[in-house]
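Structure assessment
Each chain is listed here by its residues.
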Amino acid sequence: MNNWIDLYEYLKESYGDEPEHLLIEYINLINKGKVLDLGVGTGRNSLFLSSIGYEVEGVDIFDENIKHYLRRSKELHLDVKGTVADIRYFEIKENEYSLIIVSWVLNFFKKSEIDIIIEKIKKGLKPKGLIYFGAFSIFDDFYIKNLDKICEEQNSLCFSESQYRHYYTKEEVLKYFEDLTMIAFK
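Residues numbered from 1 in each chain as written. Predicted model: local features only at pLDDT ≥ 70, side-chain atom pairs only at ≥ 80, totals over all residues. Heavy atoms only, no water.

Focus: the pairing of strand β4 (residues 97–103)
Counting buried residues along β4, 7 of its 7 residues qualify, which places the element largely inside the surrounding structure. Pairing of strand β1 (residues 34–38) with β4, which is carried by 4 bridges, proceeds in the parallel orientation. Bridging from a neighbouring strand, Leu38 pairs with Val102 of β4. Both β4 and strand β5 (residues 125–134) contribute to a ladder of 6 bridges, which runs parallel. Note that in β5 the partner of Val102 across the bridge is Phe133. Each parallel crossover has a hand, and the one from β4 via helix α5 (residues 111–124) to β5 is right-handed. (Buried < 20%, exposed > 50% of the residue type's maximum accessible area, 1.4 Å probe, protein only. Helix = DSSP H or I, 4+ residues; strand = E, 2+ residues; numbered from the N terminus. Pairing = 2+ DSSP bridges. Right-handed = clockwise from strand over helix to strand, strands pointing away.)

See the structure below:
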């Protein structure tokens, strides 16, 4: 493969599920080792990383997601771990991971919970480890169309007592990770 775009096309054809473009684009920056995917879903990022030699564990609150992820890994002859857990209570071992993925999942918690989860994630990184963070911003159409549901937490929407959606500002994300080196921000 000549570049990450060729690799992406190959993976899309081979695996069906598309990994995040930025993971592929920056793959050479991720040291080989353990990867933790919080909110793994059906495993689009983790299956890709496992296929190129990373030791991957996916965590998701939904049993069906983990079952699909593990079933798909067997079909592809990949060795991954899958755990059904709420990431608020999942123990992240300190100094353990080359990469921790938390992509499109930290919108669904209260700000106070997000603060704790991000601190656990940062402690879980090995030296020179990376965090892949994806989240919706306050410029998201859904946020703008539902401003009538704003609750007491800044930049958050409330749909019920237990259902939140937090939307991030650029400044908020930069503050969370100010003690780390930023490779890309989009």
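Having seen it, we continue.
Side note on the environment of Lys175
Within the secondary structure, Lys175 is located in helix α7 (residues 170–176). Taking the C-alpha atoms as reference points, Lys175 and Asp86, 89 residues apart in sequence, are found 25 Å from one another.

Remarks on the layout of surface pockets
Looking at the largest pocket, its volume works out to about 870 Å³. If you trace the largest pocket, you find 33 residues lining it, with Ile131, Tyr132, Phe133, Met182 and Ala184 closest to the centre. Looking at the lining of the largest pocket, the elements with two or more residues in it are α2 (21–25), β5 and α7. When residues in the lining of the largest pocket are grouped by element, the largest group, 8 residues, is from β5. (1 Å grid on protein atoms, 1.4 Å probe; cavity = no way out; pocket = protein on both sides within 12 Å on 5 of 7 lines; lining within 4 Å. Points joined across faces, edges and corners; volume = space filled by probe spheres on them.)

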